[in-house]
Amino acid sequence: MGTMNSVPSDNVSISDGAPFRIAVVNSYLEGRETTCERNEYPRSHLWGADYLTREGAEVSYIYPRPGLLSRFALRISRAARSRLGNLDFDLEMLRRAGEFDLIYVPNGRLLLCQLAKAFGFIRAPLVYWTYLPPNEAPWWKLWDLWERWPFHRGISGLMCLTSAAADAYRERWPKTRVAHIEWTPDNVMFPGSQADGDFYLACGRTNRDYRTLLLAAAKIDAPFVILASRALIGDTPIPPNVRFVEGPKDANTDKGIPYSELIFDYYAKARAVCIPRLDIPTDTSGYTNLLESLAMYRPVIMTRTGKLNLDVEKEGIGRFVAPGDVEDWVRTLREFEAKPELRRAMRRRAEESIREFYHLERHGREVAAFLNAVSRQNRNPAARAELTP
């Protein structure tokens, strides 16, 4: 077992004996780090921070300080529709930046901290995650200011969810350390099972195409369960073989259904998981759903669109269908129904994928190696050694 002072993948020391202090800003975590420790929420949403703690770093989760200023900053952020980043988190991180050796931001944008880092007022390197390639909107719309001059000069490192995003940012920012690191499910919380299931499951809310799935399900002699908000279904008729479980309108499904129920009452009993997506070429939605299905060894049928690197057909864990194509869904579902041996082979291949690559240990190790390399380069800008997580 390595430590943060000796990361297995590149064996680079990032401190001189003293604990390495890392500030973690994750705007959607909402204090769930304690529920993650109790296996009540997936540790994959810590984005490797728990691994950093285990390997010897002092990790502090940064949240806005209660008070009028934070509330006002939050209102400005919401009014600007995130153009100005997460100002409430930004102000608190700016106040405490001198306490840390590195600022790690899995989710959110800290524009004030970026400016302070760019002009030398913050010593600690600032590292972001990003899910999508650079925004190509005209500059005057002020979208994604974080990646424009002079803000981008304050970014020390960028981890990308997809290789397409990593390639695009490497080209745009040749002096910034960029890496593509595949995300992972919580392979501990999700206990995969080789048992076949009773129904086809669909869940999730972002950019979903439930209309196409419902029209296809009406032609299949098999039970379905859909966990979603009523707004995503619209006026599409729900066939008698589909059980619709309504989730909250303005929240992710997991906020309405405890993960213990989602795992054991739905994922574990699913014959396969359907992920119908809208046709958005740059999209990464459905990735959490896909990885959780993989962790449960559930075969997957999903729309072929977007920029996700995990190819369910190449990986041998599922099938793609064409966007908005009801008949393609019907053909694929009928194939799954007619070939239980196909589903069995996909479950076995999913188990292999989890064991070989898609697990928390690998992801945490790669995140640690990247932060290690960024910290080393921050102390010695001439250090340009390639990172090979």
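Residues numbered from 1 in each chain as written. Predicted model: local features only at pLDDT ≥ 70, side-chain atom pairs only at ≥ 80, totals over all residues. Heavy atoms only, no water.

### What about the overall build of the protein?
Defined as follows: A helix here means a DSSP run of H or I that spans at least four residues, while a strand means a run of E at least two residues long, and both kinds are numbered starting from the N terminus. Note on method: radius of gyration uses C-alpha positions; expected globular size equals 2.2 Å times residues raised to 0.38. Partly exposed describes any residue whose relative accessible area lies between the buried limit of under 20% and the exposed limit of over 50%, with all areas from a 1.4 Å probe on protein chains only and scaled to the type maximum. What makes two residues a contact is simply this: any of their non-hydrogen atoms within 4.5 Å. The Shrake-Rupley method, run with a 1.4 Å probe sphere, supplies the accessible areas, and residue values consider only the shown protein chains as cover. This count recognises Lys and Arg as positive and Asp and Glu as negative, with His and chain-terminal groups excluded. Where a charge lies is defined by one atom per residue type: Lys uses NZ, Arg uses CZ, Asp uses CG and Glu uses CD.
Secondary structure assignment for the protein yields 14 helices and 12 strands. Relative to the globule expectation of 21 Å for 389 residues, the C-alpha radius of gyration of the protein, 22 Å, shows essentially globular dimensions. Over its C-alpha atoms, taken along the principal directions, the protein stretches across nearly 65 × 45 × 40 Å. Counting only residues that meet the buried cut, the protein has 55% of its 389 residues in that class. Contacts in the protein between residues at least 24 apart in sequence constitute 67% of all its contacts with a sequence separation of at least 6. When the accessible surface of the protein is totalled, it reaches about 17,200 Å², and 51% of it is carbon and sulfur. Each charge class in the protein was averaged separately, 53 positive and 49 negative side chains, and the resulting centres sit 4 Å apart.

### What to know about the sheet that holds strand β2 (residues 58-61)
The cut-off we apply is this: Pairing between strands requires that DSSP locate at least two bridges from one strand to the other. Axis lines are fitted through C-alpha atoms, for helices just across the contact stretch, and the angle between N-to-C directions can take any value from 0 to 180 degrees.
Reading across from one edge, β2-β1-β3-β4-β5-β6 is the order of the six strands in this open sheet, with parallel pairing throughout. Whereas interior strands pair on both sides, the edge strands pair on one side only; in this sheet they are β2 and β6 (177-180). Across the sheet, the mean angle from the axis of one strand to that of its neighbour is 20°, orientation sign disregarded. Note that strand β1 (residues 21-26) and strand β3 (residues 102-107) share four bridges and pair parallel. In the strand pairing of β3, Ala 23 is matched with Ile 103.

### Quick word on the pattern of salt bridges
The following threshold applies: By definition, a salt bridge exists where a carboxyl oxygen of Asp or Glu is found within 4 Å of a side-chain nitrogen of Lys or Arg.
For the coordinates displayed, the defined rule picks out 25 salt bridges. Between Glu 40 and Arg 38 there is a salt bridge, with its nearest N and O atoms 3.2 Å apart. Residue Arg 38 is classed as partly exposed on the basis of its relative accessible area, which comes to 49%. A salt bridge links Arg 349 to Glu 356; its shortest N-O distance comes to 3.7 Å.

### Quick notes on the side chain of Asp 186
Applicable threshold: N or O atoms closer than or at 3.5 Å make up a polar contact, with two conditions inside protein: a donor-capable atom paired with an acceptor-capable one, and, for residues adjacent in sequence, both atoms drawn from side chains.
Considering the arrangement of structural elements, one finds Asp 186 in the loop between β6 and β7 (199-203). Judged by its relative accessible area of 0%, Asp 186 is buried. Among the polar contacts listed, one links the side chain of Asp 186 to the backbone nitrogen of Met 189, at a separation of 2.9 Å.

### Quick notes on the sheet that holds strand β12 (residues 318-321)
The strand order across the open sheet built from six strands is β9-β8-β7-β10-β11-β12, with neighbouring strands paired in parallel fashion. Pairing within the sheet leaves two strands with one partner each, and these edge strands are β9 (242-246) and β12. Strand-to-strand twist in this sheet, taken as the mean axis angle between neighbours without regard to direction, amounts to 20°. Relative to β9, strand β8 (residues 224-228) is paired through five bridges, and the arrangement is parallel. Its bridge partner lying in β9, Phe 224 is registered against Val 242. Across the face of the sheet, helix α7 (residues 210-217) comes into contact with β7, β8, β9 and β10 (270-275) while running at roughly 165° to β8. Strands β7, β10 and β11 (300-303) of the sheet are contacted by helix α11 (residues 287-295), whose axis makes an angle of about 160° with β10.

### Focus on the packing of aromatic side chains
Basically, it comes down to this: Two rings from Phe, Tyr or Trp (for Trp, the six-membered ring) form a pair when their centres are within 6.5 Å of each other. A pair whose planes differ by under 30 degrees is stacked, one over 60 is edge-to-face, and the rest are tilted. Throughout this description, the term charge over a ring refers to an Arg CZ or Lys NZ atom that lies within 6 Å of the ring centre and within 35 degrees of the ring normal.
All chains considered together, the criterion is met by 14 aromatic pairs. Ring pairing ties together the aromatic residues Trp 47, Trp 129, Tyr 131, Trp 183 and Tyr 287, which thus form one cluster. When the ring centre of Tyr 41 is taken as origin, the NZ or CZ atom of Arg 32, which lies over that ring, is 4.2 Å away. Sitting above the plane of the Phe 119 ring, Arg 153 keeps its charged end 5.6 Å from the centroid.

### Here's the deal with the packing of helix α12 (residues 326-338) against helix α13 (residues 340-356)
Convention followed: In these notes the angle categories are as follows: under 35 degrees is roughly parallel, over 145 is roughly antiparallel, 65 to 115 is roughly perpendicular, and the rest is oblique. Any residue that is not Ala, Val, Leu, Ile, Met, Phe, Trp, Tyr, Cys, Pro, Asp, Glu, Lys or Arg is counted as polar, Gly included; the first ten are nonpolar and the last four charged.
Viewed as axis vectors pointing N to C, α12 and α13 meet at an angle of 90°, and their least axial separation amounts to 5 Å. Relative to α13, the element α12 is oriented roughly perpendicular. In contact with Glu 335, Phe 336, Glu 337 and Ala 338 of α12, α13 contributes Pro 340, Leu 342, Arg 343 and Met 346. Tallied by class, the residues present in the contact of α12 with α13 amount to five nonpolar, no polar and three charged.

### What about the environment of Arg 81?
Structurally, the position occupied by Arg 81 is in the loop between α3 (68-79) and α4 (87-96). Exposure remark for Arg 81: the relative accessible area of 55% places this residue in the exposed category. Sequence separation of Arg 81 and Ala 18 is 63 residues, and the distance between their C-alpha atoms is 40 Å.

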